[in-house]
Amino acid sequence: DKQMKKIEDKRDKNRTFKKDSSFLKVEENVFDVPTLKLLYTLSNKGYITEMGGSISTGKEANVFYAKGNEGEVAVKIYRLASGTFKSMDPYILKDPRFTNIRHSRKDIVFAWTKKESQNLIRAKKAGIRVPRPIVNDRNVLVMEFLGKDGNPLPILKDFALDDNEALPVYRQIIEYMRRLYVRAHLVHADLSEYNILIDPHQDETEENKSENEKFSAKDEKNTTGLIPEPIIIDVGQAVTLDHPNAREFLSRDIENIRRFFKKYGISEDSKTILEKIKQK
Ligand code: ADP
Ligand code: MN
């Protein structure tokens, strides 16, 4: 009986995935059959039990909200059929970790997805806050969802930092760049206000909230007393330090961060920042 129930549950889950998923109807034309099959496989394994809506449609990948056995997840799906994968070439073809891949478009995408997952692990080990990868298979990466109840955390670009918050957030980003460089031996290579999420630390319990409201109702944005915290995402293109363009990519990352924080009155020169990043 128990066994029966289990099978029934499982079947219901799959049915839910197939039937209720507007995902399939809407995105039918975006994803090829192998990608849909792969999503079913991941669904059967419990990594994805319910596919939610689209979070983002990028140049090369789509990110979806989903639920899985481990809770809320983000599903990043690299498109096999369309996009500009030529733009991936300079990052992956010279990466010594991926010298043996065949250079068909599909192989580059699969290697890219795997590289993103590996880079996330390396970054996490280096003490950088990044989403935890859960599983990667071919062109699909399932990772920890950053947000709550289906609402993703905002990107840095869309988050209004208070004057007193900008400096600590800036410093944390530079510190993460340092850890990425010195400990993980990686350069992000696409770092900007678009690939940094902000955790505003508003996820307190109801009890805490009411306690806090009593004492600091004036401060609506941040009642925890904690400063917002940056989270680094989109590390697919991150390269190792021995990549021939690593230096150039690092300079570009530094300029992006410098430019963004200028409007908060923060202006360190590039050389100082570079020295900080290389500081062991
Ligand atoms: P792209 O290569 O298309 O830029 P990203 O990895 O930057 O892909 O993801 C695109 C967007 O999806 C991000 O800007 C962010 O808003 C959202 N996103 C990505 N990963 C997550 C995640 N783990 N949790 C919540 N939102 C995410
Ligand atoms: Mn991005």
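Treat the numbers as computed from the prediction; the structure is a model and nothing was measured.

In terms of nonpolar packing, the biggest core is built from 56 residues, with Ile-173, Met-177, Ile-257 and Phe-261 touching the most fellow members. Here the element with the most residues in this core is helix α6 (residues 163-182); it accounts for 10 residues. The two domains that each donate at least three residues to this core are domain 1 (20-148) and domain 2 (153-215 + 222-278). Ignoring sequence-local partners within four residues, the contact set of Ile-257 consists of Tyr-170, Ile-173, Ile-174, Met-177, Leu-191, Ser-192 and Ile-196. Ranked by size, the runner-up nonpolar core spans 16 residues in total, among them Leu-39, Val-73, Ile-77 and Ile-134.

The subject of this paragraph is the site of ligand 1. Of all residues adjacent to ligand 1, which total 18 residues, the nearest are Lys-76, Glu-144, Leu-146, Asn-195 and Asp-234. A distance of 2.7 Å separates an oxygen atom of ligand 1 from a polar side-chain atom of Lys-76. Between ligand 1 and the protein, one listed contact pairs a nitrogen atom with a backbone N or O atom of Glu-144 at 2.9 Å. Considering ligand 1 on its own, with 550 Å² of exposed area, one finds that the protein chains cover 87% of that surface. A majority-of-atoms criterion places ligand 1 in the largest pocket. Counting contributing residues, the shell around ligand 1 receives three or more from each of domain 1 (20-148) and domain 2 (153-215 + 222-278).

Taken as a whole, the largest pocket encloses approximately 890 Å³ of empty space. Every residue lining the largest pocket is counted, 30 residues in all, and those nearest its centre are Ser-56, Lys-76, Asn-195, Ile-233 and Asp-234. Contributions of two or more residues to the lining of the largest pocket are made by β1 (50-57), β2 (61-68), β3 (71-78), α5 (105-125) and β5 (140-144). Examining the composition of the lining of the largest pocket, we find that 3 residues originate from one element, β3, more than from any other. Residues lining the lining of the largest pocket come from more than one domain, with at least three contributed by each of domain 1 (20-148) and domain 2 (153-215 + 222-278).

Take the confidence of the model for the protein next. Across the protein, pLDDT averages 85, with 78% of residues at or above 70. In the model, residues 4-28 has pLDDT below 50 throughout and makes 30 contacts with residues more than four positions away in sequence or in other chains. Contacts of residues 205-219 to residues separated by more than four positions or lying in other chains number 6 contacts, the stretch itself having pLDDT below 50.

In this section: the side chain of Asn-119. Tracing the backbone through its elements, the reader meets Asn-119 in helix α5. Using a relative accessible area of 1% as the deciding quantity, one classes Asn-119 as buried. Not counting residues within four places of it along the chain, the set of residues in contact with Asn-119 comprises Arg-97, Leu-186, Val-235, Gly-236 and Ala-238.

One ladder, built from 5 bridges, connects β1 with β2; its direction is antiparallel. Bridging from a neighbouring strand, Thr-57 pairs with Asn-62 of β2. Turn length for the β1-β2 hairpin, with the two strands adjacent in sequence and antiparallel, is 3 residues.

Of all 8 residues in β3, 6 are buried; the element is thus mostly enclosed. One ladder, built from 8 bridges, connects β2 with β3; its direction is antiparallel. Residue pairing across strands places Lys-67 opposite Glu-72, the latter belonging to β3. Connecting β2 to the next strand, β3, in antiparallel fashion are 2 residues. As judged from the 5 bridges shared by β3 and β5, these two strands associate in the antiparallel manner. Looking at the pairing, Val-75 lines up with Val-142 of β5.

Each aromatic ring pair is characterised by the separation of its centres together with the angle its planes make. Applying the stated criterion to the full structure yields 5 aromatic pairs. Aromatic pair Tyr-170 and Phe-261: ring centres 5.2 Å apart, planes at 65°, arrangement edge-to-face. Placement of the pair is Tyr-170 in helix α6 and Phe-261 in helix α8 (residues 246-262), with a sequence separation of 91 residues. Residue class for Tyr-170 comes out buried when judged on its relative accessible area of 4%. For Phe-261, a relative accessible area of 0% corresponds to the buried category. Between Phe-260 and Tyr-264, the ring centres sit 6.0 Å apart and the planes meet at 55°, which makes this aromatic pair tilted. For Phe-260, a relative accessible area of 3% gives the class buried.

Here the focus is the environment of Ile-198. Tracing the backbone shows Ile-198 in strand β9 (residues 196-199). When the C-alpha positions of Ile-198 and Leu-153 are compared, they lie 6.2 Å apart, and in sequence the two are 45 residues distant. Ignoring sequence-local partners within four residues, the contact set of Ile-198 consists of Leu-153, Pro-154, Leu-156, Phe-159, Val-169, Pro-228, Glu-229 and Pro-230.

Each value, and the rule that gives it
- Residues numbered from 1 in each chain as written.
- Chains lettered and ligands numbered in written order.
- Predicted model: local features only at pLDDT ≥ 70, side-chain atom pairs only at ≥ 80, totals over all residues.
- Heavy atoms only, no water.
- Core = buried A, V, L, I, M, F, W, Y, C linked by side-chain atoms within 4.5 Å.
- Buried < 20%, exposed > 50% of the residue type's maximum accessible area, 1.4 Å probe, protein only.
- Helix = DSSP H or I, 4+ residues; strand = E, 2+ residues; numbered from the N terminus.
- Domains from an automatic or database assignment.
- Contact = heavy atoms within 4.5 Å.
- Near = heavy atom within 4 Å.
- Polar contact = N/O pair within 3.5 Å; in protein donor to acceptor, adjacent residues only side chain to side chain.
- Areas by Shrake-Rupley, 256 points an atom, 1.4 Å probe, with all protein chains shown as cover.
- 1 Å grid on protein atoms, 1.4 Å probe; cavity = no way out; pocket = protein on both sides within 12 Å on 5 of 7 lines; lining within 4 Å.
- Sits in = over half its atoms within 2 Å of the grid points.
- Points joined across faces, edges and corners; volume = space filled by probe spheres on them.
- pLDDT = per-residue confidence, 0-100.
- Pairing = 2+ DSSP bridges.
- Phe/Tyr/Trp six-rings, centres within 6.5 Å; stacked < 30°, edge-to-face > 60°.

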